[in-house]
Amino acid sequence: MQHVTGSPETRTEKHMDEQSSNKAVPEASADEVQLKMDQTPADQQHPASHSGLQSEIRQGRLSWIDLTARRLSERLERADGRGTWLKIRYLVVFCCFLANAVGYLMRVNLSVAIVAMTVENSTGVEGPENVPHYDWDETVRGTILSSFFWGYIVTQVPSGYIASRFSATKLLFFMMLAGTAATLLFPTAAEWGWEWACVARVILGLAQGSLLPCTHALLAKWSPPSERGRMSVYAYTGQPFGTVVAMSCSGLIAASAGWPWVFYATGAIGLFASALWILLAADSPATHKLTSQDERSYIESSIGIKPITDSSQRLRTPWKAILTSVPMWALIVVHCAQNWGFWTLLTEIPSYMDGVLGFNLKANGLLSALPYLGLWAFGLIISWVSDTLLKKNCYSIGTSRKIGNSIAHYGGAVGLVALGFMSASQAGAVGVLIVAVSLNAGTMVGYQVNHIDLSPNFASTMMGITNCLGNFMSILGPLVVGFIVTDKHDAEQWRIVWLISAAIYVVGNSVFVIFGSGETQPWNSADYLQAKAASVQDSSSDRSSSPQPTEKL
């Protein structure tokens, strides 16, 4: 007996190739594009030959997006006829990476630019003379930095619901355009006053509230369980990548061309990314015009969920079951801890390096980016290790998530405590920050992907809930720092900030380790609500049919 080795997808491709190897396929003429789908075996269909697309070709109604996709599919097609050589699931993950990178580029650039926007920054770097500067104290700066999250929390849950029931790709596309507009208009808003600057950041927050729920919705439909860890990391490392670009380039742009060009350049990148997104991303393997039949079958069989294309069959969200789930509340607590610690560091590292460590504006931006460069690199390493150990059955999914998150939060807490008691040494402080932030990559194979473990069907809704509640901490973090740090040159005040963040990390992760889970929850089932309703009806029928006690006279 001949044995076929390799991945499930490769075995499927080889089997199909063997079946079709002896069949001669004549070259099709232009008129033969009207061949009906039922006349061609599924494994021989070109990804761009779906019936809906063929109909548009025949009737001359092919959109530029569909036409571009069809041409790209033809260029990517293998010579042996086994679909395309590019794994489309990783193309979609790249789109998620790009969306996250641009999203964080837009939200983080202000952390560096705001240092150049103030009237008298202590770095001695001036920039162009015609660039406006503003007399904003630490409280105002903290308010502007946190205002992003006022809008961000509002759209989390609605975005998760819309992404799970309708279209995550279309929702995120329109939100990316709105965020780009808010970024381009920020310099004008700042000229009108700090209150208008807050309004622009609130609009950006409203637009980006869909980023994580939509990313989770796509990962739930595109990532096989054995690849989920690294696909999640590939998508979400866009966040540290965007942070690195924002922090390293914003200071250089502000010092050379002026701080408004930080936002103009970011807006231009946002327009380009939006165009790529709508062209290359799709909600599921069944709807992507470049997905081969082999890859689609592999993904759908691995996940074990049949795609729902009929709106009448869409799943109802079991809100009560989700909100009363203990693992779900463990996710909420650890997400709150993550957002407090991560966003306190992200928004305040430039101010700390300016006030305590004394770096100038250019060096500030570059050095502030180093911890997030380490985060990006360590994320790639830990995702590979995590998925490899899972494939070898070294531990369960739940244990894998808890170990990754513990590396991030317990390790980060140790680093923050060390930073608080360290002398004002530039090299030592930067080194500790790099280690503390880099270890945070463990969350990408920890709590951040755990939503999909618990419920692939409702992962986007769950992410919307946890990110909504977690971002209250993102609002409080910068505000508390503004209240504690009245003098940004005082290392003692910064020590309090780092110790508070370390304590929150420890408490949040401990709750996740004790009460978290990696098992798919019962309420993920498509017929969960129907089964519950039937159970209630049966119990009610049993009570009504039971013999009633006779009344004694």
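Computed from a prediction, not measured in an experiment: that's the story for all the values here. (Residues numbered from 1 in each chain as written. Predicted model: local features only at pLDDT ≥ 70, side-chain atom pairs only at ≥ 80, totals over all residues. Heavy atoms only, no water.)

### With respect to the confidence of the model for the protein
And step 1. Model confidence for the protein is summarised by a mean pLDDT of 78, while 74% of its residues fall at 70 or above.
And step 2. Low confidence marks residues 1–8, where pLDDT is under 50. Its contacts with residues over four positions away, or in another chain, come to six contacts.
And step 3. The model gives residues 10–62 a pLDDT under 50, and that stretch makes 58 contacts with residues more than four places away or in other chains. (pLDDT = per-residue confidence, 0-100. Contact = heavy atoms within 4.5 Å.)

### As for the nonpolar core
And step 1. Formed by 88 residues in total, the largest nonpolar core has its most connected members in Trp277, Phe342, Leu345, Tyr352, Tyr372 and Trp498.
And step 2. Of all the elements, helix H4 (residues 88–117) adds the most residues to this core, at 14 residues.
And step 3. Sequence-distant contacts of Tyr372, defined by excluding residues within four places in its chain, comprise Pro240, Thr243, Val244, Met247, Phe342, Leu345, Leu346, Ile349 and Val437.
And step 4. Core analysis: the second largest hydrophobic core is formed by 22 residues, Ala113, Trp136, Ala190 and Trp259 among them. (Core = buried A, V, L, I, M, F, W, Y, C linked by side-chain atoms within 4.5 Å. Buried < 20%, exposed > 50% of the residue type's maximum accessible area, 1.4 Å probe, protein only. Helix = DSSP H or I, 4+ residues; strand = E, 2+ residues; numbered from the N terminus.)

### Some remarks on the environment of Asp453
And step 1. In this fold, Asp453 is placed in helix H19 (residues 447–454).
And step 2. Here Asp453 falls in the buried class, since its relative accessible area comes to 3%.
And step 3. On a C-alpha basis, the gap between Asp453 and Pro225 in space is 8.5 Å, while along the polypeptide they are 228 residues apart.
And step 4. Not counting chain neighbours up to four residues away, the residues in contact with Asp453 comprise Arg228, Ile397, Arg401, Gly518, Glu519 and Thr520.

### What about the packing of aromatic side chains?
And step 1. Per the counting criterion, the structure on display carries 17 aromatic pairs.
And step 2. With a centroid separation of 6.3 Å and 55° between ring planes, the pair formed by Phe241 and Trp376 is classed as tilted. Here Phe241 is found in helix H11 (residues 238–256), whereas its partner Trp376 is found in helix H16 (residues 361–391), with 135 residues between them in sequence.
And step 3. Note on Trp376: relative accessible area 29%, which makes it partly exposed.
And step 4. An aromatic cluster is built from Tyr134, Trp136, Phe186, Trp259 and Phe263, whose rings are joined through pairwise contacts.
And step 5. When the ring centre of Tyr104 is taken as origin, the NZ or CZ atom of Arg107, which lies over that ring, is 4.2 Å away. (Phe/Tyr/Trp six-rings, centres within 6.5 Å; stacked < 30°, edge-to-face > 60°. Lys NZ or Arg CZ within 6 Å of the ring centre and 35° of its normal.)

### Side note on unusual backbone geometry
And step 1. A positive phi angle, close to 55°, is found at Asn393, a residue other than glycine.
And step 2. With respect to the helices and strands, the residue Asn393 is situated in the loop between H16 and helix H17 (397–420).

### A few points about a nonpolar patch on the surface
And step 1. A contiguous nonpolar surface patch, about 680 Å² in accessible area, is contributed by Phe174, Leu177, Leu184, Leu185, Trp261, Tyr264 and Leu271.
And step 2. At the level of secondary structure, the elements contributing two or more residues to the nonpolar patch comprise helix H7 (168–192) and helix H12 (260–280).
And step 3. Counting residues per element, the nonpolar patch draws most heavily on H7, at four residues.
And step 4. Tracing the backbone through its elements, the reader meets Trp261 in helix H12. (Patch = residues over 30% accessible without salt bridge, like charges linked within 9 Å, V, L, I, M, F, W, Y side chains within 5 Å. Areas by Shrake-Rupley, 256 points an atom, 1.4 Å probe, with all protein chains shown as cover. Salt bridge = Lys/Arg side-chain N within 4 Å of Asp/Glu carboxyl O.)

### Remarks on the packing of H17 against H19
Helices that pack against each other are described as a pair by the angle of their axes relative to one another and the distance between those axes.
And step 1. Running from amino to carboxyl end, H17 crosses H19 at an angle of 165°, the nearest separation of the two axes being 9 Å. Taken as axis vectors, H17 and H19 run roughly antiparallel relative to one another. As H17 packs across H19, the resulting crossing turns out to be left-handed. Where H17 approaches H19, its residues Ile397, Arg401 and Asn405 are matched on the opposing element by Tyr447, Val449, Asn450 and Asp453.
And step 2. A per-class count over the contact of H17 with H19 returns three nonpolar, two polar and two charged. (Axes fitted to C-alpha atoms, helices over the stretch in contact; angles between N-to-C directions. Parallel < 35°, antiparallel > 145°, perpendicular 65-115°, else oblique. Left-handed = near helix turned anticlockwise from the far one by under 90°. Nonpolar A, V, L, I, M, F, W, Y, C, P; charged D, E, K, R; others polar.)

### With respect to the packing of H4 against helix H8 (residues 194–208)
And step 1. At a closest axis distance of 11 Å, the pairing of H4 and H8 adopts a crossing angle of 155°. Judged by the inter-axis angle, H4 sits roughly antiparallel to H8. Handedness of the H4/H8 crossing: left-handed. On the side of H4, the interface is formed by Gly103, Met106, Arg107, Asn109 and Leu110, while H8 contributes Arg201, Leu204 and Gln208.
And step 2. The residue makeup of the contact of H4 with H8, split by class, is three nonpolar, three polar and two charged.

### With respect to helix H10 (residues 228–236)
And step 1. Most of H10 is tucked away, with eight of its nine residues classed as buried.
And step 2. Taken as a whole, H10 has its buried residues at Arg228, Gly229, Arg230, Met231, Ser232, Val233, Ala235 and Tyr236.

### Some details on the side chain of Gln208
And step 1. As for its position among the elements, Gln208 is in helix H8.
And step 2. A polar atom in the side chain of Gln208 sits 3.0 Å from the side chain of Arg107.
And step 3. With near-sequence residues (within four places) excluded, Gln208 lies in contact with Gly103, Met106, Arg107, Phe148 and Tyr152. (Polar contact = N/O pair within 3.5 Å; in protein donor to acceptor, adjacent residues only side chain to side chain.)

### Examining the pattern of salt bridges
And step 1. This model, assessed by the stated rule, comprises seven salt bridges.
And step 2. Ionic pairing is found between Arg228 and Asp453, a salt bridge with its closest N-O pair at 3.6 Å. Taken together, the residues Arg228 in helix H10 and Asp453 in helix H19 connect sequence positions 225 residues apart.
And step 3. The class of Arg228 is buried, set by a relative accessible area of 7%.
And step 4. One salt bridge in this structure joins Glu492 and Arg495, with 3.2 Å as the shortest N-O distance. On the criterion of helical spacing, the pair formed by Glu492 and Arg495 is a turn pair, its members being three residues apart in helix H21 (residues 491–515).
And step 5. With a relative accessible area of 46%, Glu492 lands in the partly exposed category.
And step 6. Note on Arg495: relative accessible area 23%, which makes it partly exposed.
And step 7. Salt bridges sharing partners connect three or more residues here, namely Arg89, Glu227 and Glu295.

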